[in-house]
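# Residue-level structure breakdown
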Amino acid sequence: MDNKQKKIAFLGVLLLGCVATSWLQQGKEAKQAAPAPVLTQQAGSIAKEKKAKTMQVYVSGAVREPGIYTLPAGARAKDALEAAGGLRQDAKAERVNLAKKLRDGSHVYVPTLKNNGVSAKVTSQRSSKYAKANGAAAGAESSWGEFGTAGNKVNLNTATQAELIALPGIGTSMANRILALRRVQRFSRVEDLLQVRGIGQAKLNKLRPYVTVE
């Protein structure tokens, strides 16, 4: 083998060595980069697990602050009632399973007592309202006057739909709009009724003797 052939053979060995070194280096980098997808998957699992630790529950009926509340996953009905400010005096607590385990989207409803003082007042005032519509204006006005005395006013923050409908000039649609506003914010004063569509200053003045905010 002459010098020229030796040089060609040497260059071939050198080139082969460079290719082998490059191949080994690429394999090493690929191994180091491999764990990245695993870390991304783990981060996604942690975020999903964190999101699952809370849920939203709707509480309505005879509670102080009806509305939608965010509770820890695994919460029970008693936790939802506590978040809603607790039960009202006219609540029929024995109809609610306080130990019931809730899930996202659950609805906890607390019924009211039948034939209690509040229900009797509402029934009486609704009857007076119908009597006024039939021409018995004097008897109706007398009944509304009694309803508006101290201690008998409707609390806008706890009133049921039936109690609101019993008020002068309030129908089903108007009562529902008042309840919808209350789910967004508590009434801090009677004048907040002006935020309800359909209630102007004249209607507010008519309602003022029969409502209160506590």
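In what follows, the accompanying structure is described.

What counts as what
- Residues numbered from 1 in each chain as written.
- Predicted model: local features only at pLDDT ≥ 70, side-chain atom pairs only at ≥ 80, totals over all residues.
- Heavy atoms only, no water.
- Helix = DSSP H or I, 4+ residues; strand = E, 2+ residues; numbered from the N terminus.
- Buried < 20%, exposed > 50% of the residue type's maximum accessible area, 1.4 Å probe, protein only.
- Contact = heavy atoms within 4.5 Å.
- Areas by Shrake-Rupley, 256 points an atom, 1.4 Å probe, with all protein chains shown as cover.
- Pairing = 2+ DSSP bridges.
- Axes fitted to C-alpha atoms, helices over the stretch in contact; angles between N-to-C directions.
- Polar contact = N/O pair within 3.5 Å; in protein donor to acceptor, adjacent residues only side chain to side chain.
- Core = buried A, V, L, I, M, F, W, Y, C linked by side-chain atoms within 4.5 Å.

With that out of the way, let us pick up the overall build of the chain. The secondary structure content of the chain amounts to 8 helices and 5 strands. Of the regular secondary structure in the chain, the N- to C-terminal order runs α-α-β-β-α-β-α-α-β-α-α-α-β. The 214 residues of the chain split such that 30% are buried. Long-range pairs, those at least 24 residues apart, make up 47% of the contacts in the chain between residues at least 6 apart in sequence. Of the accessible surface of the chain, which amounts to about 13900 Å², a share of 56% is contributed by carbon and sulfur atoms.

Our next topic: the sheet that holds strand β1 (residues 54–61). Pairing within the open sheet is mixed, and its 3 strands lie in the order β2-β1-β3. Strand pairing shows two members of the sheet lacking a second neighbour, β2 (67–72) and β3 (107–110), which therefore form its edges. Here the strands of the sheet are splayed against their neighbours by 30° on average, with no regard to which way each runs. Pairing geometry for β1 and β2, over 6 bridges, is antiparallel. Across the sheet, Met 55 pairs through a bridge with Leu 71, a residue of β2.

Between β1 and β2, which follow one another and run antiparallel, lie 5 residues. Pairing between β1 and β3: 4 bridges, direction parallel. What sits directly across from Ser 60, in β3, is Tyr 109.

Below, the discussion takes up the side chain of Asp 192. Along the chain, the position of Asp 192 falls in the loop between α7 (172–184) and α8 (201–207). At 2.9 Å, the side chain of Asp 192 forms a polar contact with the backbone nitrogen of Ser 188. In contact with Asp 192, not counting residues within four places along its chain, are Leu 181, Arg 186 and Phe 187.

Turning our eyes to something else, we now look at the nonpolar core. One recurring pattern in soluble globular proteins: nonpolar side chains tend to sit buried together. The biggest cluster of nonpolar side chains holds 21 residues, and the ones touching the most others in it are Leu 164, Leu 167, Ile 170, Ile 178, Leu 193 and Ile 199. For this core, the secondary-structure elements that each account for two or more residues are α6 (161–165), α7 and α8. By residue number, the principal contributor to this core is α7, which donates 5 residues. Sequence-distant contacts of Ile 199, that is, excluding residues within four places in its chain, are made with Met 174, Ile 178, Leu 193, Leu 194, Leu 204 and Leu 207. If you look at the next biggest cluster of nonpolar residues, it comprises 16 residues, including Met 55, Val 59, Val 63 and Val 96.

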